Amino acid sequence: QVQLVESGGGLAQPGGSLRLSCTASGTIFNLATMGWYRQAPAKQREMAATITPVGVINYADPVKGRFTISRDNDKNAMFLQMNSLKSDDAGIYFCYARVRNRSNVPYEYWGQGPQVAVSS
């Protein structure tokens, strides 16, 4: 089984920055695409950013130019640098990881998510 441990959430003022991290541990044969999905209160979960093992990145339009996703394959870790934070960025940020076993069968895992608050 795979566990995703997240950290880095908290409170930031508008225009401020936060850095989220997610580390996968457990039985991992091939850690494939990872990403960050966020959900504001009373709203649907939406993709913020994803990144493949070779660095192909996809950003949602609302975060493009402000957020930067990265990963460290040696440490099974992923990061999200969040700059110029807005009130609309507030919510729970879930770490997502697709893991393939030795038979190349994919499994999806979700972290519990740190909460990001943006307030003055």
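You'll find the structure just up there.
As a starting point, this report considers the structure included with it. Bear in mind the structure is a predicted one, so any value in this text is a computation, not a measurement.

Some remarks on the pairing of strand E4 (residues 30–39)
Part 1: Alignment of E4 against strand E9 (residues 91–100), held across 8 bridges, turns out to be antiparallel. Paired with Leu 31 across the two strands is Val 99, which belongs to E9.
Part 2: Alignment of E4 against strand E5 (residues 46–51), held across 5 bridges, turns out to be antiparallel. Each residue of the ladder has a partner; that of Trp 36, found in E5, is Ala 49.
Part 3: Between the end of E4 and the start of E5, which pair antiparallel, lie 6 residues, with Ala 42 showing a positive phi angle near 65°.

Section: the pairing of strand E7 (residues 67–72)
Part 1: Only one face of E7 is buried: it carries Phe 67, Ile 69 and Arg 71, and the other face, with Thr 68, Ser 70 and Asp 72, is open.
Part 2: Direction of pairing for E7 relative to strand E8 (residues 77–82): antiparallel, over a ladder of 6 bridges. Within E8, the position partnered with Ser 70 by the bridge is Phe 79.
Part 3: In sequence, E7 turns back onto E8 through a hairpin of 4 residues, with Asn 76 there showing a positive phi of about 55°.

The rules behind the values
Residues numbered from 1 in each chain as written. Predicted model: local features only at pLDDT ≥ 70, side-chain atom pairs only at ≥ 80, totals over all residues. Heavy atoms only, no water. Pairing = 2+ DSSP bridges. Helix = DSSP H or I, 4+ residues; strand = E, 2+ residues; numbered from the N terminus. Buried < 20%, exposed > 50% of the residue type's maximum accessible area, 1.4 Å probe, protein only.

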